[in-house]
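Structure at a glance
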Amino acid sequence: VKIMPPTSRVKKAAKVFLWSPRAFRIPADSTVELQGYARDFLPERERSRTAPHRIRVLSPEEHAELLREQLEEVMARIEDVTRLQEKIAANMREVKDNAKLPESQKSARIGQSKSEQLENSSKLDELSQQAEAAVQEAMKNPIFPADTIRQWSQSAQQWQQLAREKMKDAAASMQSAQQNSQSRPQQLADAAQKAQDILEALQKMQDKAGKHMDELQALTLSQRLRKVGAQEKEIGVQLLKTAPDTI
């Protein structure tokens, strides 16, 4: 790919091009190195070059394992979201049940829970988008059955809905309980219940996604073993073909 600025006064030049290993007949399990060169308008000046960019051409099995690792990381971070939600629910429950707690302390602790609930909402929303991006990539890989893609897509959508709707709603209820001291008991009970409901929903989603992860791990492992078996069989065939020449 060649590009040239229109005049010597233009200091930058850019061009977008599509690169496909299939178009260049590059097999899977290969590493390709791309590098750019720049030549000055002065004819005697040596050309400069960019740092090399290495591209790993993944096999379907490697690609599937990479996506499994990404989803596993999402699951690990959702555990952190669940632990923070446990803290939020416990704090709201304690504030609700402690009649001796001064109103000023109640207001401060409710405000802390509201901030943590909004933080949890933001984290879960981000993780749901990461999971959805992995699902979109999985759709390009024929190894993944349609049911597997559907299951993870549903999980990502449920996480996103919980983050954008129920967590935001709970935070709004906490803010109302913090600001309105006269109607605080009822609003506090409502906010505490919403925090608990979110926690239980997270736990159920986590259990369900955990089962999907076990199935996904079994799938990618079987595909990698099948690939290794095929490679070993091919090596055996080649050895048999060359055996007469070596005896």
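Structure first, text after, so check above.
Residues numbered from 1 in each chain as written. Predicted model: local features only at pLDDT ≥ 70, side-chain atom pairs only at ≥ 80, totals over all residues. Heavy atoms only, no water.

**Side note on the overall build of the protein chain**
Just so we agree on the cut-off: Only runs of H or I of at least four residues qualify as helices and only runs of E of at least two qualify as strands under DSSP, and these elements are numbered from the N terminus. Each residue is assigned to one of three classes by its accessible area relative to the maximum for its type, calculated with a 1.4 Å probe on protein chains only: buried under 20%, partly exposed between the two thresholds, exposed over 50%. Every residue pair with non-hydrogen atoms within 4.5 Å of one another is taken to be in contact. Each accessible area is a Shrake-Rupley estimate made with a 1.4 Å probe; only the visible protein chains count as cover when residues are assessed.
Of regular secondary structure, the protein chain possesses 4 helices and 4 strands. In sequence order, the protein chain lays out its α and β elements as β-β-β-β-α-α-α-α. Per-residue burial for the protein chain yields a buried fraction of 32% across its 247 residues. Restricting the contact set of the protein chain to residue pairs at least 6 apart, pairs at least 24 apart contribute 73%. For the protein chain, the accessible surface area stands at approximately 16500 Å², while carbon and sulfur atoms represent 52% of it.

**Here's the deal with the nonpolar core**
For clarity, the threshold we go by: Here, the term nonpolar core denotes a set of buried Ala, Val, Leu, Ile, Met, Phe, Trp, Tyr and Cys residues that are joined through side-chain atoms within 4.5 Å.
Core analysis: the biggest nonpolar cluster contains 45 residues, and Leu124, Phe144, Trp152, Trp159 and Met174 have the highest contact counts within it. Listed by contribution, the elements that provide at least two residues to this core are α1 (60-97), α2 (103-138), α3 (146-179) and α4 (184-246). For this core, the leading source of residues is α4, giving 13 residues. The residues contacting Trp152, other than those within four sequence positions of it, are Leu71, Met75, Val135, Trp159, Ala209, His212, Met213 and Leu216.

**Description of the side chain of Gln117**
The cut-off we apply is this: N or O atoms closer than or at 3.5 Å make up a polar contact, with two conditions inside protein: a donor-capable atom paired with an acceptor-capable one, and, for residues adjacent in sequence, both atoms drawn from side chains.
By the secondary structure assignment, Gln117 is in helix α2. Here the side chain of Gln117 touches Gln85 through a polar contact of 2.9 Å, side chain to side chain. Residues within four places of Gln117 in sequence aside, it is in contact with Gln85, Ile88, Met167, Ala170, Ala171, Met174, Ala195 and Ile198.

**A look at the side chain of Ser30**
Summarising the element assignment, Ser30 is placed in strand β1 (residues 30-34). There is a polar contact of 2.8 Å between the side chain of Ser30 and the backbone oxygen of Pro27. Once residues within four sequence positions are removed from consideration, Ser30 is found in contact with Ile55, Arg56 and Val57.

**A few points about the pattern of salt bridges**
Put simply, the rule reads: Salt bridge, as used here: a side-chain nitrogen of Lys or Arg that lies within 4 Å of a carboxyl oxygen of Asp or Glu.
Overall, the coordinates contain 17 salt bridges when judged by the stated rule. Notably, a salt bridge pairs Glu103 with Arg184, separated by 2.5 Å at the nearest N-O pair. Residue Glu103 is located in helix α2, and its partner Arg184 is located in helix α4; the two are separated by 81 residues in the primary sequence. The class for Glu103 is partly exposed, based on a relative accessible area of 42%. Arg184 gets classed as buried once you look at its relative accessible area, which sits at 6%. A salt bridge links Glu119 to Lys123, with the shortest nitrogen-to-oxygen separation between them at 3.0 Å. Remark: Lys123 and Glu119 occur in helix α2; sequence separation between them is 4 residues, near one turn of the helix.

**Observations regarding a positive patch on the surface**
The test is simple: Patch members must show over 30% relative accessible area and no salt bridge, and they are joined within 9 Å when carrying like charges or within 5 Å when they are nonpolar side chains of Val, Leu, Ile, Met, Phe, Trp or Tyr. Charge assignment: positive for Lys and Arg, negative for Asp and Glu; neither His nor the chain ends contribute. The atom standing in for a charge is NZ when the residue is Lys, CZ when it is Arg, CG when it is Asp and CD when it is Glu.
Judged by side-chain charge, Lys2, Arg39, Arg47 and Arg49 come together as a positively charged surface patch. Arg47 sits in the partly exposed class, given a relative accessible area of 46%.

**Comments concerning the packing of α1 against α3**
Selection rule: Every angle, taken between N-to-C directions, lies between 0 and 180 degrees, and every axis is a line fitted to C-alpha atoms, over only the stretch in contact when it is a helix. When describing relative orientation, an angle under 35 degrees is termed roughly parallel and one over 145 degrees roughly antiparallel, while 65 to 115 degrees is termed roughly perpendicular and anything else oblique. Handedness of a crossing follows from how the near helix is turned relative to the far one, being left-handed for an anticlockwise turn of less than a right angle and right-handed for a clockwise one. Each residue gets one label: Ala, Val, Leu, Ile, Met, Phe, Trp, Tyr, Cys and Pro are nonpolar, Asp, Glu, Lys and Arg are charged, and the others, such as Gly, are polar.
Axis separation between α1 and α3 bottoms out at 13 Å; the angle between their running directions is 25°. Classified by the angle between their axes, α1 and α3 sit roughly parallel to one another. The handedness of the crossing between α1 and α3 is left-handed. Only Trp152, Trp159, Met167 and Met174 of α3 make contact with α1, whose side of the interface consists of Leu71, Val74, Met75, Ile78, Val81, Gln85, Ile88 and Met92. For the contact of α1 with α3, a count of residues per class yields 11 nonpolar, 1 polar and no charged.

**Details of α3**
What counts, and what does not: How far a helix is expected to stretch is found by multiplying one less than its residue total by 1.5 Å. The reported bend at a residue is simply the angle between two axes, fitted to the 7 residues ending at it and to the 7 residues beginning with it.
Over its 34 residues, α3 runs 49 Å from end to end, which matches the ideal 50 Å to within 8%, given 1.5 Å per residue. The sharpest bend along α3 measures roughly 35° and falls at Leu162.

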